[in-house]
Amino acid sequence: MPNQSVSMQLTKKGEKEPELVFVNAATGKWKSPGEGWLGPQNGGWTLLPDGLHLMDPTGKDELAFCWGLYLDKCFTLEEGASAYRFSGGDGKWQILGVF
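Here the structure is a predicted model, which means the values were calculated and not measured. (Residues numbered from 1 in each chain as written. Predicted model: local features only at pLDDT ≥ 70, side-chain atom pairs only at ≥ 80, totals over all residues. Heavy atoms only, no water.)

K.L.:
So, the pattern of salt bridges: which residues are in play, and what are the values?
P.N.:
Overall, the coordinates contain 2 salt bridges when judged by the stated rule. Measuring nitrogen to oxygen at the nearest pair gives 3.5 Å for the salt bridge that ties K13 to D90. Note that K13 is positioned in the loop between β1 (6–12) and β2 (19–24) and D90 in strand β8 (residues 90–98), a separation of 77 residues in sequence. In this structure, the salt-bridge partner of E62 is R85, at a minimum N-O distance of 2.7 Å. Taken together, the positions of E62 in strand β6 (residues 62–67) and R85 in the loop between β7 (79–83) and β8 put the pair 23 residues apart, joining distant regions of the chain. (Salt bridge = Lys/Arg side-chain N within 4 Å of Asp/Glu carboxyl O. Helix = DSSP H or I, 4+ residues; strand = E, 2+ residues; numbered from the N terminus.)

K.L.:
Before we move on, can you summarise the sheet that holds β6 with the specific residues and values?
P.N.:
The 8 strands lie next to each other as β1-β2-β3-β4-β5-β6-β7-β8, forming a closed barrel whose pairing is antiparallel. On average, each strand axis in the sheet is inclined to that of its neighbour by 30 degrees, with strand direction left out of account. Pairing of β6 with β7, which is carried by 2 bridges, proceeds in the antiparallel orientation. Across the sheet, the residue bridging to C66 is S82, located in β7. (Pairing = 2+ DSSP bridges. Axes fitted to C-alpha atoms, helices over the stretch in contact; angles between N-to-C directions.)

Okay, structure coming up:
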């Protein structure tokens, strides 16, 4: 399991505001403050060879896929492409801080 937690923002084409997300490496969970376009504001995450997948609280629906994001290797201001299969659309992810 990765040993770094991150704060990040997700942007989506057609949405005016980014979604802020905190990914906790120790617990395998993520959360987002407030009510944003992502849908559920917390859940679990899975790290696969293609990148980070944010799942809903039940672990059934993928809310966000962050292509090429690896928690153990990422750095502040790193960014990449993202996709939102549950709500549809795509955008970008960007790391705001590593803890």
